[in-house]
Amino acid sequence: MTLVISPSFRLKTSSFFYKNTSGISSRFEKISLHIKNTFSFWTNISDLKKQNEELGQKITSLKVDSSQIEELKNENSLLKKQLGFIEPDKTNALIPAKIIARDAATFTDEIVIDKGSKDNIKSGMTVVSSNIFIGTIKDVMSTTSTILLVTSKDSIVQAMLQNSRSKGVLRGGISGLYLDDITTDTTYTIGENIVTSGLGGDIPAGMLIGTAGKLESASSSIFKTISVEPLANISSLELVFVKKNETN
Amino acid sequence: MKQIKLILYLLFGVFTVLLDVSFFSNFEKYGASILSSFIVMVIMAIKGQSDDYTYFALLLVILFAIFSSLPLGVIALNFFFLPIALNIITKKYFPTPNNFTILFYLIAASFLFDFILLVWSHEWNAVGFLAVGYFTAINSMAGWLAYYVFASFKKRFSLSSEIKI
């Protein structure tokens, strides 16, 4: 009954159990991912060959882009120096964390990491993997925290199309990710990046989430809805990074 | 119930829940994965001679309240009231269930379990129904296999003890 009446008691009990079972949990997690990776390698071997060829071509084009970005970066830092801007230390802004548990029930999308309030984790902090936004911190316990994934049905993120700059609301769910409430005059290309818009102030702007898919709404709708292909493969993640927001 | 039995149930409950949240949850397909704790509880509710399954069910309610983000009402409905209903039906209509009856029970229990979650989540779409179907299929098959292995072991051990006597 206490579990129903007091959510803080539920959180404290969770903290106690996760603290004492995190060793076993992380071992189970490691074994399952090892099995999963081994199986997926052998079943996808022909796809991997094809992907390898495609990636080889991509690397060549990215090398060209990279050199151009490097030039722009140098130019940017030079201009910033001249204007007196101070660059924040980006390496200290990330807290690495291991995934120790996932919600086992269907229709829920939350994961538990091995870092908590003792590691300066606070509720609302953003979580990334390879610089791709994957969710926000929901509950913080002393040594563990719960992440509400962007793919969860309870997740609502302010996002936008990177090129057309049209803002919308990104919603999760079992059927996938959708960018809602986009104005009808918006034109976009399939594969265009979807990034956080920073509206509301909780999540920093410009964090990559996924790519735009096909149009899902009817032509008569007041707003457009488009499907979003997430870039991070959440089911195979082992390590995530909690990003300290500028306000934290 | 003896204290040692309670401790064993607690350890077994924690083990199966940890297995669900840290092991089987990685093999998720269409949002569904194997829920070993639920399978064990359903088999206990069908085959259990005593009311021990209610203690285990209650323990699972507490453990899932700790390890899952589901609301307590949904957890209680799925992990406590569902096995009680199963046990009542078994005792009344099929006191000695055979393999096919057990498979039928597992299918019905898994379907009801995930359907309750579907109602709670309001995910009324094709993917939601696919998740319910997949959950029912994998959990009833895994449960049936687990029961078959358990029953075979039980038979073998009871036979060997009879020979010794």
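Sequence order sets the numbering: in each chain, residues are counted from 1 along the sequence as written. A letter from A marks each chain and a number from 1 marks each ligand, given out in the order of writing. Totals for whole chains, interfaces and linings use every residue, but because this is a predicted model, local features are given only for residues with pLDDT of at least 70 and side-chain atom pairs only at 80 or more, for both listing and counting. Hydrogens and water are ignored here; the side-chain numbers use all heavy atoms of the structure.

Asks: Can you help me understand the overall build of chain A in this one?
Replies: Put simply, DSSP H or I for four residues or longer makes a helix, DSSP E for two residues or longer makes a strand, and each gets a number counted from the N terminus. Secondary structure summary: chain A contains three helices and twelve strands in total. In terms of its C-alpha atoms, chain A occupies a principal-axis envelope of roughly 55 × 50 × 45 Å. In chain A, the share of contacts with a sequence separation of at least 24, taken over all contacts with a separation of at least 6, comes to 55%. Per-residue accessibility takes into account occlusion by the displayed protein chains alone, with areas from the Shrake-Rupley method and a 1.4 Å probe. Accessible area of chain A: about 14,500 Å², with a carbon and sulfur share of 56%. Taking the average location of the 28 positive side-chain charges in chain A and that of its 26 negative ones, the two points are 6 Å from each other. Any pair of residues with heavy atoms lying within 4.5 Å of one another is described as a contacting pair. As used throughout, the charge tally considers Lys and Arg to be positive and Asp and Glu to be negative, leaving His and the chain termini uncounted. For the purpose of locating charges, the reference atoms are NZ of Lys, CZ of Arg, CG of Asp and CD of Glu.

Asks: What am I meant to see in unusual backbone geometry here?
Replies: Peptide bonds are, in most cases, trans, and in most cases residues other than glycine have a negative phi. Despite not being glycine, A:Asn131 shows a phi value in the positive range, around 65°. Despite not being glycine, B:His122 shows a phi value in the positive range, around 60°. Structurally, B:His122 is set in the loop between helix H5 (99-121) and helix H6 (126-164). Think of it in three bands: residues with accessible area under 20% of the maximum for their type are buried, residues over 50% are exposed, and the middle band is partly exposed, with areas taken using a 1.4 Å probe on protein chains only. Using a relative accessible area of 60% as the deciding quantity, one classes B:His122 as exposed.

Asks: What is the right way to read the nonpolar core from this model?
Replies: One broad trend across soluble globular proteins is that nonpolar side chains are buried collectively. Formed by 60 residues in total, the largest nonpolar core has its most connected members in B:Phe38, B:Phe67 and B:Phe79. For this core, the secondary-structure elements that each account for two or more residues are helix H2 (7-43) and strand E1 (94-102) of chain A together with helix H1 (3-22), helix H2 (36-47), helix H3 (52-67), helix H4 (72-93), H5 and H6 of chain B. If you tally residues by element for this core, the top one is H3(B), at eleven residues. Excluding anything up to four places from it in sequence, B:Phe67 contacts A:Phe17, A:Tyr18, A:Thr21, B:Val17, B:Leu18 and B:Val21. Within this scheme, the nonpolar core is defined by two criteria: the residues are buried Ala, Val, Leu, Ile, Met, Phe, Trp, Tyr or Cys, and they are joined through side-chain atoms within 4.5 Å.

Asks: Help me understand the confidence of the model for chain B in this model?
Replies: In regions of low pLDDT, the predicted coordinates are not meant to be interpreted in detail. With 95% of its residues at a pLDDT of 70 or more, chain B shows a mean pLDDT of 87. As a predicted assembly, this complex carries a pTM of 0.77 together with an ipTM value of 0.75. pLDDT is defined as a per-residue confidence score from the predictor, taking values between 0 and 100.

Asks: Explanation requested: the pairing of strand E10 (residues 208-215) of chain A in the structure shown.
Replies: All names here are of chain A. DSSP bridges decide pairing: two strands pair if at least two such bridges lie between them. Summarising the sheet, strand E9 (residues 193-196) and E10 pair through three bridges and their orientation is antiparallel. In the sheet register, Val195 faces E10, and the bridge partner there is Leu208. Looking at chain direction, E10 and strand E11 (residues 223-230) are connected through four bridges and run antiparallel. Bridge pairing links Ala212 to Val228 in E11.

Asks: Any chance you could explain the side chain of A:Ser32 here in plain terms?
Replies: Along the polypeptide, A:Ser32 turns up in helix H2. Given a relative accessible area of 0%, A:Ser32 falls into the buried group. One polar contact links A:Ser32 to B:Asn26, side chain to side chain, over a distance of 2.6 Å. Two N or O atoms form a polar contact when they lie within 3.5 Å of each other; inside protein one atom must be a possible hydrogen donor and the other a possible acceptor, and for residues adjacent in sequence the pair counts only when both atoms belong to side chains.

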